[in-house]
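In case you want the letters, here they are:
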Amino acid sequence: LHLSFVATPFARAQEDEDDQAFVEETINEAAEAAEEVLDEIPTPQSHPLTNMPPSSPDVVTKVIFANQDSDRFIIGKINRAIVGFQNTGVGSLNVTYIMGSLNAAHDFSLHIQNFTARAIHRVVLPNGEASFEYPFFPAPELEPMDVQVALTAFYYDVEEQRGYSTTFFNETIELLDVSPAFDLKSSFQYILFFAVVGVVAFTLFKASG
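Residues numbered from 1 in each chain as written. Predicted model: local features only at pLDDT ≥ 70, side-chain atom pairs only at ≥ 80, totals over all residues. Heavy atoms only, no water.

Points about the packing of aromatic side chains
Aromatic ring pairs are reported here in terms of the distance separating the ring centres and the angle at which the planes meet. Considering all chains together, one arrives at ten aromatic pairs under this definition. Ring geometry for Phe-65 and Phe-73: centres 5.3 Å apart, planes at 55 degrees, overall tilted. Here Phe-65 and Phe-73 have matching classes, each one buried. Between Phe-115 and Phe-136, the aromatic rings sit 4.8 Å apart at their centres with planes inclined by 45 degrees, giving tilted as the arrangement. In this pair, Phe-115 is assigned in strand 5 (residues 111-124) and Phe-136 in strand 6 (residues 128-136), connecting sequence segments 21 residues apart. Both residues of the pair, Phe-115 and Phe-136, belong to the buried class. The structure contains a cluster of three or more aromatic residues connected by ring pairs, namely Phe-65, Phe-73, Phe-115, Tyr-134, Phe-136 and Phe-169. (Phe/Tyr/Trp six-rings, centres within 6.5 Å; stacked < 30°, edge-to-face > 60°. Buried < 20%, exposed > 50% of the residue type's maximum accessible area, 1.4 Å probe, protein only. Helix = DSSP H or I, 4+ residues; strand = E, 2+ residues; numbered from the N terminus.)

The following block contains the structure:
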């Protein structure tokens, strides 16, 4: 009995230490699991047109617009930019996508519309050239006005895995609305014509009766 009396406090102390160790281990495991979960949660990323990477000095671009002026775009109509991309460097460049935006003509920081990004994923070899088409259109709900259009190609050096961007068009243009306008004068002439026809028809019908 004496031995059991002495051993009991010792056993309880050992159990308390084991419990404390188990609690600490559980807490540590929970903390590590929480860190892993947080690492897996995607962090918000900035918009592609915000804080863009620099332009490569080895890239030369040129742009033309198919069947239209470069200073006038029609609201709600698809515009097609044909981009010439020349790589004058010694490394291959992978053109990943093209994107653009409409901004206020008097203040570029005032955003109006983003154009949909178009995936390219084409490698341009050293001293090579390529051309890409980028279709975009001003939203139909926009009003005729002057705006600034910026179109940008995003690419990276295949060997260095370094990203670049080149804005190949950044100009103030005029948005045009070519929807049929309501011509009050023509409408009044049509109404008057049909009114005269109606009076004449009514008069002839009454005279024949």
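So, the environment of Phe-65
In this structure, Phe-65 sits in strand 1 (residues 59-65). Residue class for Phe-65 comes out buried when judged on its relative accessible area of 10%. For the pair formed by Phe-65 and Ile-82, sequence separation is 17 residues and the distance between their alpha carbons is 6.0 Å. Dropping the residues within four chain positions of it, Phe-65 is found in contact with Ser-70, Phe-73, Arg-80, Ala-81, Phe-136, Leu-151 and Phe-169. (Contact = heavy atoms within 4.5 Å.)

Things to note about the sheet that holds strand 3 (residues 79-87)
A sheet is described by the order of its strands in space; here three strands give the open sequence 1-3-6, paired in antiparallel fashion. Each edge of the open sheet is held by one strand with a lone partner, namely strand 1 and strand 6. Strand-to-strand twist of the sheet, defined as the mean angle between neighbouring strand axes without regard to direction, takes the value 20 degrees. Sheet analysis places strand 1 next to strand 3, joined by seven bridges and oriented antiparallel. (Pairing = 2+ DSSP bridges. Axes fitted to C-alpha atoms, helices over the stretch in contact; angles between N-to-C directions.)

Things to note about the pairing of strand 8 (residues 162-176)
Direction of pairing for strand 2 (residues 72-74) relative to strand 8: parallel, over a ladder of three bridges. Bridging across to strand 8, Ile-74 finds its partner in Leu-176. Here strand 7 (residues 146-157) pairs with strand 8 via twelve bridges, running antiparallel. Across the sheet, residue Tyr-156 finds its bridge partner in strand 8, namely Gly-163. Between strand 7 and strand 8, which pair antiparallel in sequence order, lie four residues; one of them, Gln-161, sits at a positive phi of approximately 55 degrees.

A word on the nonpolar core
In terms of nonpolar packing, the biggest core is built from 31 residues, with Val-149 and Leu-151 touching the most fellow members. With residues near it in sequence (within four places) discarded, Leu-151 still touches Phe-65, Ala-81, Met-99, Gly-100, Phe-115, Tyr-134, Phe-136, Thr-166, Thr-167, Phe-168 and Phe-169. (Core = buried A, V, L, I, M, F, W, Y, C linked by side-chain atoms within 4.5 Å.)

Overview of unusual backbone geometry
Here the phi dihedral of His-121 falls at roughly 50 degrees; this positive angle occurs in a residue that is not glycine. Within the element layout of this structure, His-121 appears in strand 5. One non-glycine residue, Asn-127, lies in the positive phi region at around 60 degrees. Mapped onto the secondary structure, Asn-127 falls in the loop between strand 5 and strand 6. The exposed category is assigned to Asn-127, whose relative accessible area is 65%.

A word on the environment of Val-158
Mapped onto the fold, Val-158 is located in the loop between strand 7 and strand 8. You can call Val-158 partly exposed: its relative accessible area is 31%. When the C-alpha positions of Val-158 and Val-124 are compared, they lie 9.8 Å apart, and in sequence the two are 34 residues distant. The residues contacting Val-158, other than those within four sequence positions of it, are Ser-92, Leu-93 and Asn-94.

A few points about a nonpolar patch on the surface
Together, Val-123, Leu-125 and Val-158 make up a nonpolar patch on the protein surface, roughly 230 Å² of accessible area in all. By the element assignment, Leu-125 lies in the loop between strand 5 and strand 6. (Patch = residues over 30% accessible without salt bridge, like charges linked within 9 Å, V, L, I, M, F, W, Y side chains within 5 Å. Areas by Shrake-Rupley, 256 points an atom, 1.4 Å probe, with all protein chains shown as cover. Salt bridge = Lys/Arg side-chain N within 4 Å of Asp/Glu carboxyl O.)

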